[in-house]
Structure formats: C-alpha cells, structure tokens
Amino acid sequence: MAGYILALDQGTTSSRAILYDDHARPIKIAQQPTTLKTPQAGFVEQDAQQIWQTQISCAHDVINQAGLLATDVSGIAITNQRESIVIWDKQTGKPLAPAIIWQDRRTASYCKTLAAESITGATKARDNNHDDMASEVQRITGLRLDPYFSASKIAWLLENDPKLSVRANKGEIAVGTIDSWLIYKLTGGEHVIDVTNASRTLLYDIHKLAWSEELCARFAIPMNILPKVLPSDGDFGKTKKGLFAKQIPIHAVLGDQQAALFGQGCLDAGMAKNTYGTGCFMLMNIGQTPKLSEHKLLTTIAWQRKSAPTRQENLSFEQIVQSGKRMLQPPKKEVTYALEGSVFMAGAIVQWLRDNLGMIQQSSEIEELARQVDSSEGVVMLPAFTGLGAPYWRSDISASITGMSRGTTKAHIARAALEAVAYQTYDVLIAMQKDSPHPLTELRVDGGAANNDLLMQFQADLLDVPVLRPRDTEITAKGAALLAGLKTGLYDEATMKASWQVDRIFEPTMSAELREQHLNKWQQAIDRALKVI
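Residues numbered from 1 in each chain as written. Predicted model: local features only at pLDDT ≥ 70, side-chain atom pairs only at ≥ 80, totals over all residues. Heavy atoms only, no water.

## Points about the packing of helix α4 (residues 150-160) against helix α5 (residues 162-169)
Right, so step 1: Here α4 crosses α5 at 110°, and the two axes come no closer than 5 Å. Considering their axes alone, α4 and α5 lie roughly perpendicular with respect to each other. Note on element contacts: α5 touches α4 through Pro-162, Leu-164, Ser-165 and Ala-168, opposite Leu-157, Leu-158 and Asn-160.
Right, so step 2: Of the residues in the contact of α4 with α5, the class split is five nonpolar, two polar and no charged. (Axes fitted to C-alpha atoms, helices over the stretch in contact; angles between N-to-C directions. Helix = DSSP H or I, 4+ residues; strand = E, 2+ residues; numbered from the N terminus. Parallel < 35°, antiparallel > 145°, perpendicular 65-115°, else oblique. Contact = heavy atoms within 4.5 Å. Nonpolar A, V, L, I, M, F, W, Y, C, P; charged D, E, K, R; others polar.)

## Overview of helix α14 (residues 453-463)
Right, so step 1: The element α14 is extensively covered by neighbouring structure, given that nine of its 11 residues are classed as buried.
Right, so step 2: Its side-chain oxygen 3.2 Å from the backbone nitrogen of Leu-454, Asn-452 forms the N-cap of α14. (Buried < 20%, exposed > 50% of the residue type's maximum accessible area, 1.4 Å probe, protein only. Polar contact = N/O pair within 3.5 Å; in protein donor to acceptor, adjacent residues only side chain to side chain.)

## A few points about the pairing of strand β1 (residues 4-10)
Right, so step 1: Within β1, six of the seven residues are buried, leaving the element largely enclosed by the surrounding structure.
Right, so step 2: Looking at chain direction, β1 and strand β5 (residues 73-80) are connected through seven bridges and run parallel. Note on β5: the bridge partner recorded for Asp-9 is Thr-79.
Right, so step 3: Counting the residues in the hairpin turn of β1 and strand β2 (residues 14-20) gives three residues. (Pairing = 2+ DSSP bridges.)

## Remarks on the sheet that holds β1
Right, so step 1: One open sheet holds the five strands; their spatial order is β3-β2-β1-β5-β13, and the pairing between them is mixed. For this open sheet the edge positions go to β3 (26-33) and β13 (250-255), each flanked by a neighbour on one side alone. Neighbouring strand axes in the sheet, compared pairwise and without regard to direction, differ in orientation by 15° on average.
Right, so step 2: Across six bridges, the pairing between β1 and β2 is antiparallel. By the bridge assignment, Asp-9 is partnered in β2 with Arg-16.

## Structural notes on the nonpolar core
Right, so step 1: Residues Leu-6, Leu-203 and Phe-244 are the most contacted members of the largest nonpolar core, which totals 174 residues.
Right, so step 2: Broken down by element, this core gets its largest block of residues, 14 residues, from helix α13 (residues 410-435).
Right, so step 3: For Phe-244, the contacting residues outside a window of four places in its chain are Leu-6, Ile-56, Ala-59, His-60, Ile-63, Ala-70, Ile-76 and Thr-239. (Core = buried A, V, L, I, M, F, W, Y, C linked by side-chain atoms within 4.5 Å.)

## Remarks on the packing of aromatic side chains
Right, so step 1: For the structure on display, the rule yields 16 aromatic pairs.
Right, so step 2: For the ring pair Phe-344 and Trp-393, a centre distance of 5.8 Å and an interplane angle of 75° mean the geometry is edge-to-face. Taken together, the residues Phe-344 in the loop between β17 (335-343) and α11 (347-355) and Trp-393 in the loop between β18 (380-382) and β19 (400-402) connect sequence positions 49 residues apart.
Right, so step 3: For Phe-344, a relative accessible area of 3% gives the class buried.
Right, so step 4: These aromatic residues form a ring-pair network of at least three members: Trp-102, Tyr-148, Phe-149, Phe-281, Phe-344 and Trp-393.
Right, so step 5: Cation over ring: Arg-106 sits above Phe-43, and NZ or CZ is 3.8 Å from the ring centre.
Right, so step 6: The residue whose ring lies beneath Arg-106 is Trp-156, and the NZ or CZ to ring-centre distance is 4.4 Å. (Phe/Tyr/Trp six-rings, centres within 6.5 Å; stacked < 30°, edge-to-face > 60°. Lys NZ or Arg CZ within 6 Å of the ring centre and 35° of its normal.)

## Section: the side chain of Asp-492
Right, so step 1: Within the secondary structure layout, Asp-492 lies in the loop between α15 (475-488) and α16 (493-499).
Right, so step 2: Given the relative accessible area of 13%, Asp-492 is considered buried.

## Observations regarding α11
Right, so step 1: Taken residue by residue, α11 has Gly-347, Ala-348, Ile-349, Val-350 and Leu-353 as its buried positions.
Right, so step 2: The inward-facing, buried residues of α11 abut α12 (366-370), β18 and α13.

## Examining the environment of Thr-187
Right, so step 1: In this structure, Thr-187 sits in helix α6 (residues 178-187).
Right, so step 2: Judged by its relative accessible area of 12%, Thr-187 is buried.
Right, so step 3: Taking the C-alpha atoms as reference points, Thr-187 and Pro-466, separated by 279 residues in sequence, lie 44 Å from one another.
Right, so step 4: Of note is the side chain of Thr-187, whose polar atom sits 3.0 Å from the backbone nitrogen of Glu-190.

Right under this line is the structure:
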C-alpha cells in the first residue's frame, strides 16, 4: 500500500511537520520556532494562535517540499507537548487567553495548600488509607499534585477571569491540551483529546478511564468544557474542507513522551527510554496493570489502541496468513501503562547558557566547549530553574552553581551543565528501579541532546548500563506516525521493527570508585539545596 503519513510534532519551542513514507522513513521535515513568554516570575506562556499558525504552515510546507499533493497523504498523526493548556471560544474558535505551558509554576502555592487538605466522607475512597488530597490525587490519576499538570492551570484561568468562569458554566468555552487545540482547528470543531494527554491533566481517572467528577469539582472546573477522550488510535475526525486539497483523516494522537516510548519500540514491560529534549523524560513500560509509585514517580497511560490492524496489499503468502489471523480477532481496547520520571530542565539548561549567559552561539557548541576540560573540577550545577521534578518534586528550590573557584572557566560550567542532565536521569532511574520488578538492562535514548556523545557516555557511566542511541533520534514524531500507519495498514509489525536501528551503543567504562565520587558530589548539592529551604 503506497502512501505517506503526515506527522505533526508540536513542541515547547517549535512546531514541526514530518512526512514518513510507506517504510516509516522520514523524507522531509519542516520546522518553525514558537515564542515562549515569561511575563512575570513563574509564568510561562505561548500565543495559542501562533502554535496553530506555525503548525499548519509546517504541514503545508513539508508536503510542498516533498513534491507531493495532499492526495498522497494517507493520514495525519499528532504528537505534542503535554500538560500545556489552551482555552477558546466554542463558536469563534479564538483563544481567550495565552496558552499556559507545562513549565509554568504560577499555581505552586495553590497546589501546596490543596495537597495538604484533608479528605473526608464520601470523597474518601473506601480502600484509601490516606487522608490528604495529594494521596487522593495520586490514587485517581497516578500523578503528583503539582503545578506542572493541567488542572491547576485551568482553575487559575477561571478564578482570575470572572467572565471566563461565567461563560464556562454556560458551556460557551472549550479547554484542552495542545492536541485538543490542534484537532479543533484542523477539523473545524471536533473537541476531543487522546487518552495519553487526558492522563496528564490531573483530572482523569486512569483506572476507570473517565474524567473524575470528584477532581473536576475540587478544582472547580465544569466538566462540560472538557473534551471527549478517545483511544490513541481513535477516530479524531478529518481535516475541514479547504484546509488541504482533500480531507485527511487524523489517525493517531500521542503525548510526546508516550510517542517516544512507542517509537523506541518499548512495547514490552520493563523496556525504557529517556528523551533529552527541553526537559528530560524517562518512561518504562509496566504493562496493562497500573502500579502507583512509592518513590515519587508518575504512573501514566502509555497508550490505548482500539483498532485491529487492517490488511495491506502486495503481501507474501505468510504475511497474508498472519494478517488474516489478526483480523479474525476482535478489536482490542487494552491500555498500556508506564512509570515516568520527569526532569524539568535538560536541553533548556543549554538554552540558558546560550541565551542568558551568552557562553555559546549555538546549542550544538556545548559539547566542544565541555571537552576543553577533563572534568568539572568540583563545579556542580543544580538546574532547578523551575523547581526540581522527579523524584524530589520541590517547586520551592532555586537553581545554583556551586564548587567554583578562581580557576573555574566557562568550559567547567558547560561540563557541569551536561553532567547535571545525567545526574537527574540517574535519580529518576534509581526511583524507577525501586518501583518496578523489571531490572533495567539497557536505556534507549532520543531527543536532540542524545546526539551529544559526551553526555551519552557520562550517562552510561553513571547508570552502569548500555545506552542505545538509534539512527533517528527524533523519535517522537515517528512514534505517532507508526501508530497511525499500523492503524491504517500502511505499516505492520515488520515495518515497526525495521524502523528502529541502532546508531551507537555507549558501554559504561567508568570505575565504580569514580562513579561513587561523582554521585556523592551531586548528592551533596541536592542535600544543601534541601536544607536551605
């Protein structure tokens, strides 16, 4: 079956569109930057209209650059920055406020107060031995009660704009994560959300697979403004007439980190990946039973597939037999869950060195600068610019650089910055290993910073397991494209397996003694920060 999948990848700092051929190979990429705004301390916003305009512009550009027509595109796949929210007018489709981005911390004090509140009576589950709201939120959603997630952002908008609150109660407005916003604009009115994005809102019950009435009431969010939740390969609608030369169906939607897990081929329990993007996100497939973390990690929905694969054309006899066996089976709606550790600052640290300190001109220069020295000479960067994520979850901690002397150069700081990314990943892995019965034997990596050989080798040395970097490190869009292709029959299991090819394996080479020295240095920096508060 000939055809192409158009993957829309809406990230924190850019919108991209990538065309994949019938072998899941990327043939053209278009990208446009988006602007982050920080109007005051703790606020991180974007123009929702700019998000849409850059994304649709990239979609048109990539088709034109490939010399194709919209009629050549079999379907659209969407992957997106999670937790960020947009609120818009249902009639006009115009945003009613800036998009509030996942890094935003304006609701930190609100979340802290709410987390400590007690729960009583009907609100408390019969099998729940905890009396505080934080525990109740984790029980229902698998998440932490933190400003990182969507619920408090939506609540803040409704509370701080009385007109929005009135209109919300009248059902005149819609709210959603970035996938919801893009689907609404693409289709001309569909108000839906993929289950992986819904599971990041702090409003979704990952056990019942439904919006939690209890949590919506607690955050004072009318349920009529929330989108309909669909499986990751659900029926999200078609593009509205006139947007392309034909109406293109939207076949798959995944939050960016879940898309990366799928794209890395982590389909079996115990397999894990780490994405080095603006933040750093480690996910481990834990199978079809959700397990709540006891070590401050997140339990989240990795994906939900509803469709049975359809048969392709021009298959071998053996492939036809196998395909036929699958088609005789009823469609499954099984949910796959994952443990996740979220690090807020990874590639964003390098951006800070570039944009705020002017230490480098391009982000790619960081490795060369860091290689000018053999070690950081005791310099440690604690990149808590927006607080610390997993496994600490401390929004009240600030960033710091310690251990400097008169001999410290920007090369030492650059090396400390890269090491900080690896240290944070190590902390997440240790927590993950305590929660999971599956020992980690390798770590698959992706994202822009995965191309940094110095960082990847240091990461392998700290974790003491091989780090596997695929040839295509921009795996997020590919994950969504693979799911869309599997749904339509454009791809099969063989295509998916062949699409992941290793570029380099970083084997650990550091001595146990030196590893311990590095980890002690990092732990001391963490301990100092925790004691200051």
